[in-house]
Structure formats: structure tokens, C-alpha cells
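One-letter residues, chain by chain:
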Amino acid sequence: MGVIGIDLGTTYSATAIVRGPSPEILENREGERLTPSVVVFENGTPLVGVEAKRLAAVLPDDCVEFVKRKMGEPGAAYVDADGKEYRPEEVSALVLKRLAADASMQLGEEVRDVVVTVPAYFDDARRTATKDAGEIAGLNVLGLINEPTAAGIAYGLNKQQSGVFLVYDLGGGTFDVTIMRVTGTEFDIMATGGDRNLGGFDFDNLLMGHVATRIRDQGGPEVRESDKGEAELRAQCEQAKRRLTSMPQTIVRVSAEGATFQVPVTRAEFEELTASLLARTEVTVDEVMENAGVDWDKIDRILLVGGSTRMPMVSAMVQRMSGRMPDIGINPDEAVALGAAVYADTLGAAAGGAIARIPVAVSDVTSQSLGTIALNERNIAQNSIIIPANSKIPVKREKSYYTVQPGQRAVDFELTEGDDEDLRYVTVLKSTELLLPPGLPDEAEIRVVMAYDIDGVVHAEVFLGATGQSLGAVELQRDNNLGAHAVEQMRNAMRDLEIL
Amino acid sequence: MSEELSEKLDVLTDLFKRRLSDDLDKRKLLEEQARRIQQAEGALFRDLQLPLVLGVAAVIDRIDRHEGEEREFALAIRDELLELLAVNGIREVPTDTGFDRATHEAAAARAEEGSEPGTVLEVWNRGYARHGWVFRPARVVVAL
């Protein structure tokens, strides 16, 4: 049975598999290597991918796009005409089910075992939601993998001894930058950041504005006033942007009101027009490097991921910042899926007692710090981290705290998520009062033990230090995530659902 | 004698089964090779020819919108380009069949009196396919 890697993207998704010495992309049933992450409900029947995107303008109210941005949030991503609500996990499950079905058609065998990619910044709720989406789709999610880690595997980082790597990922609609340390075959995220509203689309928009102005300067109309005019302008500008990756200049040609307008654009002009956008990515790179506590001389390699990194100004900027050439060579649109396929092959082989064709080990780590609220030496409540972010899973840690008055009969126990000591930047996941036995002295030791198991479930237990008596246990059931029963119900409901 | 015949029959049956199995294996191998050749040919088209074809399609789009001087001349060039694409195995997607999501992309939609829902009201851009692969859907306006 085939085991595939799935790059579940915000706008496009892709699948890949390892069948030979290197991973390969699997085309979907329409013959495309990328599948739009779009679902349209046509008379109640879900339609996914290429054809859904083509139908979106006809059924805008029944079209769900960018559902990845809603993963891990409560509430519905779509409500149909009968009032039936679809959670983000269910919509995402429809995309995953279709991707797996297309992969099955390509491979000639059923695909059930998958690895799904997630952004490095995804917190545990969003990771759990992604895993749940896979389960609802009837798939066996062997594991999740961070997108930059997958890209790193595609670039062969797992074959290196060790090093610190920067992944610059500029896609169609989002920008992410991640710094990770690779030790042997282990990938640890040191810092990650991004701009969720910056991508190739914004570069197109600036070029469109420039060309529209030049057309008016030539005595032409405001071409963006009509939908048709705007559509033509966008198509021409997108193509011009592509041409400028390999040519120093091009001409954008637009027909309007019976006349043809020609606007020459040089690469230098385009780069000047969009310099502010590129500068935003530069600021983010600086911030992430600061958060990771590294300088450029500590970065061993720089990987470019995402179709928009094809613009020469991106590699030039990275080269100027770092003083070295970034790595290129892997199709930036496909690197994440290809890396996920390698990891899927490893996990699939391990599950079946076989040897992977391209073995790789990726340690799963906690994405955010977990802790509790305690008073500091100045008697101010602050976040006290017990399991730091990027701890390898499974992990179990403990920390001692002390009561603040003799004969204290209770403690407020909060389970927090966040890296900051300042409570304004921390999320309280669970809050409960724990009773203490009578007669405790001042500064009686209270031991908090936290564990994060292999399935990402957080357990916490509080003990009295002197006797070891348990004061209470907390298991985290995230309110924003579905329970096991709900996942099972949705999985059953989707089992016989026809997806076009 | 019947034992000898039976033995011979067994040998022949065994030989037949093995030949049949070999044939099936060979057919599978051939099918797999044909799939790979088709895939490689498709990849070559995608990498080498598609950018050029899309460029030609963009020129045809502009001629379709051309309403100025020398229209006859422009249309003659357009038809020549369409013929050139057809000779190279690239077929234009039909748009007189009503909206078909397999070959059309709805660029816009509007209600229009006298038009059945799903009718193609306008074609903004022609669509093209090669060996059944719609690499550029026709962009159309659809009646609601």
C-alpha cells in the first residue's frame, strides 16, 4: 500500500511518494501537480480542487477557501442551505480525501497512510485539528511534519552531519521564515515567524497598479474598472512577472476599448516598485534571526521555498544579507511535498517492519512552551515555563513551587501555553482550584509534573512535596478541538460521501 | 499409457500456466513502460513547450479583443496561430455547450433574462487542451 506525503497548503496542496531513489510528485486526476485547496458545495455535493476553483465564481456563497487559516478554531467554516455546519477539520478532510483518492488513482492502489505538513508556527490546537482532519478523511495519519523541515529533507539536509539552516518561504499568499538546527537526522526549530498577508499576489498587485497608470498616461481608460479589464491586466502582469525572472525587460500588452496599449517594464523598475514588499520580508528575517539568537556567520545554508522565490530579487536580497548564495535546485513549489514523502516513506517502512528507501529521523517537538502561573520574588504573577518550546516529544518535566502562607488550604492551578513571562502574551489553557491538606507550614513545597505524550496530549499532576500525595491531575482537552467521539462520527459520515 | 499422458498433460498445463503468467508480467511491464513514456512526454511538454504555447494563447487573446484598424489582418493572424496550435496537437476547448467545469473556468456570473442557468454568456479567454489535459480552461461568464 502506498504511503504518501501531503503538503496541505493554504491555497494549493500537493502529494508525493517515494517509489525509487528519489521522491516524486503525484499528478491529480486533472493532470496537475498542484491541487487548489478549494471546496465548493454544489447542490450539497462537495467538489474539491481544480474544478471547484473553476466553479467558485458561480457559487461564491458555497465556496470555501483558505480553510487552513481557520484550523484549530471553534465554529463552522461553512454552513449549507439546510443549516448543516462544517467544521474547518471537515472541510480540510474533504481536501485530504480528494488528494488521497487522486494519489490512489495514480498509484493503482489504495492510499491510506499519510504524512501531512503543517507550518512551523502552528500551535498544538491547530496540529491536533490537522491530524483530526486526516482521521475524518478516513486516513491513517502516520505523522505531521513542519513545512520547513520537509523542505530541508527535500534539499537533502538529513544527509549532512549538522548545521543551522534558514528556510525562506515566499508563497502566493503567505511568507514564513524558519531557522532550524539539524543534528544528524534530527531537525529542531530554533525560531519561526512570518507575514500571513504577504505573497506573490501582492507583487502582482503593485505591478498592475503601475501598468494601469501607464495606460492612463497613454490616454487609455482605467482598465481595472471592469472585471474583465482587471482579469486581463492581472493575467498579463502575472506573465510579465514570470518573464522578468529570466529577462531584463518585457512589455505588458493590454487591449482595451478597441486599442492596444504597450507598457515596457524593466526588471529594475519592477524591483523598485516592489522594494517595500521585499523589505518587509527582510525585517521578518532579521526578527527571526534575533529570536533564534544567531548571526549570519552561524547559518550554514539558506533554502528558498515557495514559487515567489523565483524572483531574482529574492535570492539577491538573501545573498546581500547573508553574504552567500542561497540553495536552489528543487522546484520551490514542490519541495515541501517531496520532503514529506521521504518522511512518509520512513514512517511507513517502520510501521511495516521494513527499511525505508531514504531513511530520515525527525524528532517531534512541542511548538509552544507549557507552564503554570506563579508569583515571582517580587510577588508578581508571571508565567513559569515547565516544558520549554521545542522539547522533544514525549517529554516529562517537573518544577517546585511553594505556598505563600502557613495553613494555606488551596492553590489556583493554571496550565499555560506561551513563551513569555508576561501573562498578557500567554494563553491559559486550563484553570482549576486544588485543595491542600490542613496544617501545612509556610512555604510548603508543591511539585508540578507536566508530561506531553506522543499523541500531543498534555497531562499535568500536582503533588505535595513533603509526602508525595497527589493533589489532582489535569488532562488537557482543548476546547477548540474535536473530541474523539466527534472525530469518529464525522469519519463515519464521510465514509460514504461522494466527493467530486 | 494413460499415466504417461497424464504426466505430459501436467507438464503442458504447467508450461501453459507459466507462459500465461509470463505474458501477464510482460503486459504489466509494457503498460508500466507506456505510462512512464506518456508521463515523460507530458513532463517534456510541460517544461519545454507549455510556456511557449501559453504565450501564443495570450497573443490570440489580444487579437480576439482587437477592435481597431486592420481587423481582418489581425483575425487572419489569429486563425493562423490557432491552426499552428492544432497542428501541434493542441485543441481549442468548445464553449458552445453550456458551462462545463471540466473545461471552463467561471470568470464571472450574472443573471440574464432569457438565458438558462449555466449558459455561457461570454468567452473572455479561449481554453486549450492537449491529449485530454486541459492546461488552460476557457474563462467564461456564466448565466445564473
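That block above? That's the structure.
Residues numbered from 1 in each chain as written. Chains lettered and ligands numbered in written order. Predicted model: local features only at pLDDT ≥ 70, side-chain atom pairs only at ≥ 80, totals over all residues. Heavy atoms only, no water.

Caption draft 1: A look at the overall build of chain A. Secondary structure assignment for chain A yields 11 helices and 25 strands. Taking the principal axes of its C-alpha atoms as reference, chain A extends roughly 90 × 55 × 50 Å. Every one of the 500 residues in chain A was classed for burial, and the buried ones make up 54%. Residue pairs in contact within chain A that sit at least 24 positions apart in sequence constitute 62% of those at least 6 positions apart. By element, 47% of the accessible surface of chain A is carried by carbon and sulfur atoms, the whole surface being about 21,500 Å². (Helix = DSSP H or I, 4+ residues; strand = E, 2+ residues; numbered from the N terminus. Buried < 20%, exposed > 50% of the residue type's maximum accessible area, 1.4 Å probe, protein only. Contact = heavy atoms within 4.5 Å. Areas by Shrake-Rupley, 256 points an atom, 1.4 Å probe, with all protein chains shown as cover.)

Caption draft 2: Structural detail: the sheet that holds strand β5 (residues 39-42) of chain A. Residue and element names in this part refer to chain A. Ordered by their spatial adjacency, 3 strands build an open sheet running β6-β5-β7, and the pairing between neighbours is antiparallel. The open sheet has two edge strands with one neighbour each: β6 (45-48) and β7 (63-64). Note that β5 and β7 share 2 bridges and pair antiparallel. Pairing of Val40 across the sheet is with Cys63, part of β7. (Pairing = 2+ DSSP bridges.)

Caption draft 3: Structural context of the interface of chain B and chain A. Between chain B and chain A, the residue contacts involve 27 residues of the former and 27 residues of the latter. Both faces combined, the contact of chain B with chain A buries some 2,300 Å², and carbon together with sulfur accounts for 48% of it. Our count for the contact surface shared by chain B and chain A stands at 4 salt bridges. Summed over the shared surface of chain B and chain A, the number is 10 residue pairs in polar contact (both at pLDDT 80 or more). Taken together, the residues that form the side of chain B that touches chain A break down as 13 nonpolar, 5 polar and 9 charged. (Buried area = accessible area lost by both parts, 1.4 Å probe. Salt bridge = Lys/Arg side-chain N within 4 Å of Asp/Glu carboxyl O. Polar contact = N/O pair within 3.5 Å; in protein donor to acceptor, adjacent residues only side chain to side chain. Nonpolar A, V, L, I, M, F, W, Y, C, P; charged D, E, K, R; others polar.)

Caption draft 4: Main features of the pairing of strand β10 (residues 111-118) of chain A. Among the 8 residues of β10(A), 7 are classified as buried, and the element is accordingly described as predominantly covered. Tracing the backbone out of β10(A), into helix α3 (residues 124-136) of chain A and back to the parallel element strand β11 (residues 140-146) of chain A gives a crossover that is right-handed. (Right-handed = clockwise from strand over helix to strand, strands pointing away.)

Caption draft 5: Molecular detail of helix α5 (residues 200-217) of chain A. The first and last C-alpha atoms of α5(A) sit 26 Å apart over 18 residues, in line with the 26 Å expected at 1.5 Å per residue. Taken from the residues just after α5(A), A:Gly219 is the one with a positive phi, measuring 90°. (Expected span 1.5 Å × (residues − 1).)

Caption draft 6: Quick peek at the sheet that holds strand β21 (residues 410-417) of chain A. Residues and elements named next belong to chain A. Taken in spatial order, the 4 strands of this open sheet run β19-β18-β21-β22, and their pairing is antiparallel. Bordering the open sheet on either side are β19 (381-387) and β22 (427-435), each of which pairs with just one other strand. Going across the sheet, the axis of each strand differs from the next one's by a mean of 30°, ignoring polarity. Looking at chain direction, strand β18 (residues 370-375) and β19 are connected through 6 bridges and run antiparallel. Looking at β19, one finds that Leu375 is bridged to Ala381. (Axes fitted to C-alpha atoms, helices over the stretch in contact; angles between N-to-C directions.)

Caption draft 7: Structural detail: unusual backbone geometry. Residue and element names in this part refer to chain A. In the Ramachandran plot, Phe66 falls in the positive-phi region, its phi being about 55° despite a non-glycine side chain. Tracing the backbone through its elements, the reader meets Phe66 in the loop between β7 and β8 (78-79). Overall, the relative accessible area of 33% leaves Phe66 in the partly exposed class. Located in the positive-phi region is Glu443, a residue other than glycine, with phi close to 55°. By the secondary structure assignment, Glu443 is in the loop between β22 and β23 (445-452). Residue classification places Glu443 among the exposed residues on the basis of a relative accessible area of 57%.

Caption draft 8: Broad picture of the side chain of A:Lys68. Along the chain, A:Lys68 turns up in the loop between β7 and β8. Apart from the residues within four sequence positions on either side, A:Lys68 is in contact with A:Leu8, A:Gly9, A:Thr10, A:Pro119, A:Phe122 and A:Glu147.

Caption draft 9: Focus on the pairing of strand β16 (residues 259-266) of chain A. Residues and elements named next belong to chain A. Alignment of strand β15 (residues 249-256) against β16, held across 8 bridges, turns out to be antiparallel. Bridged to Arg253 within β16 is Gln262. Taken together, β15 and the strand that follows it, β16, pair antiparallel across an intervening segment of 2 residues, in which Glu257 is found at a positive phi of about 50°.

Caption draft 10: Quick look at the environment of A:Val395. Residue and element names in this part refer to chain A. Mapped onto the fold, Val395 is located in strand β20 (residues 395-402). As for Val395 and Ile358, which are separated by 37 residues in sequence, their C-alpha atoms are 27 Å apart. Residues within four places of Val395 in sequence aside, it is in contact with Thr366, Ile387, Met450, Ala451 and Tyr452.

Caption draft 11: Region of interest: the packing of helix α1 (residues 2-65) of chain B against helix α2 (residues 71-87) of chain B. Residues and elements named next belong to chain B. Put simply, α1 and α2 touch, their axes get as near as 9 Å, and they point 150° apart. One element, α1, and the other, α2, form an angle in the roughly antiparallel class. Taken as a pair, α1 and α2 cross one another with a handedness that is left-handed. Across the interface between the two elements, Val53, Val56, Val59, Ile60, Ile63 and Asp64 of α1 pack against Arg71, Ala74, Leu75, Ile77, Arg78, Leu81, Leu82 and Leu85 of α2. (Parallel < 35°, antiparallel > 145°, perpendicular 65-115°, else oblique. Left-handed = near helix turned anticlockwise from the far one by under 90°.)

Caption draft 12: Seen up close, empty space enclosed by the protein. Residue and element names in this part refer to chain A. Counted by the stated rule, this structure contains 4 cavities of 30 Å³ or more. In the lining of the largest cavity, the residues fall into 5 nonpolar, 6 polar and 1 charged. Of the pockets and cavities examined, the second largest cavity occupies roughly 70 Å³. At the level of elements, α4 (147-154), β12 (162-170) and β13 (175-183) are the ones that each hand at least two residues to the lining of the second largest cavity. Among the elements that make up the lining of the second largest cavity, the one with the highest residue count is β13 (3 residues). Considered class by class, the residues forming the lining of the second largest cavity number 6 nonpolar, 2 polar and 3 charged. (1 Å grid on protein atoms, 1.4 Å probe; cavity = no way out; pocket = protein on both sides within 12 Å on 5 of 7 lines; lining within 4 Å. Points joined across faces, edges and corners; volume = space filled by probe spheres on them.)

Caption draft 13: Broad picture of the pattern of salt bridges. One pass over the full model with this rule turns up 34 salt bridges over all chains. For the salt bridge of B:Arg101 with A:Glu42, the shortest nitrogen-to-oxygen distance reads 2.5 Å. On the criterion of chain membership, the pair formed by B:Arg101 in the loop between β1 (90-92) and β2 (104-110) and A:Glu42 in strand β5 is interchain, its members lying in two chains. A salt bridge links A:Arg98 to A:Asp102, with the shortest nitrogen-to-oxygen separation between them at 3.1 Å. One end of the pair, A:Arg98, and the other, A:Asp102, are both in helix α2 (residues 88-107), 4 residues apart, so they sit about a helical turn from each other. The exposure class assigned to A:Asp102 is buried, which follows from its relative accessible area of 4%. Salt bridges here are not isolated pairs; linked through shared partners, they connect B:Asp64, B:Arg78, B:Asp79, B:Glu92 and B:Arg126.

Caption draft 14: Representation of helix α11 (residues 484-495) of chain A within the structure. Residues and elements named next belong to chain A. The end-to-end C-alpha distance of α11 is 16 Å, a good match for the 16 Å that 12 residues give at a rise of 1.5 Å each. Residues of α11 that are buried: Val487, Met490, Arg491 and Met494. Buried residues along α11 cover an arc of 105° about the axis, so they all sit on one side. In this structure, α11 carries His485, Ala493 and Arg495 as exposed residues pointing more than 90 degrees from its buried face. Buried-residue contacts for α11 involve α2, β10 and α3. (Arc of directions from axis to C-beta.)

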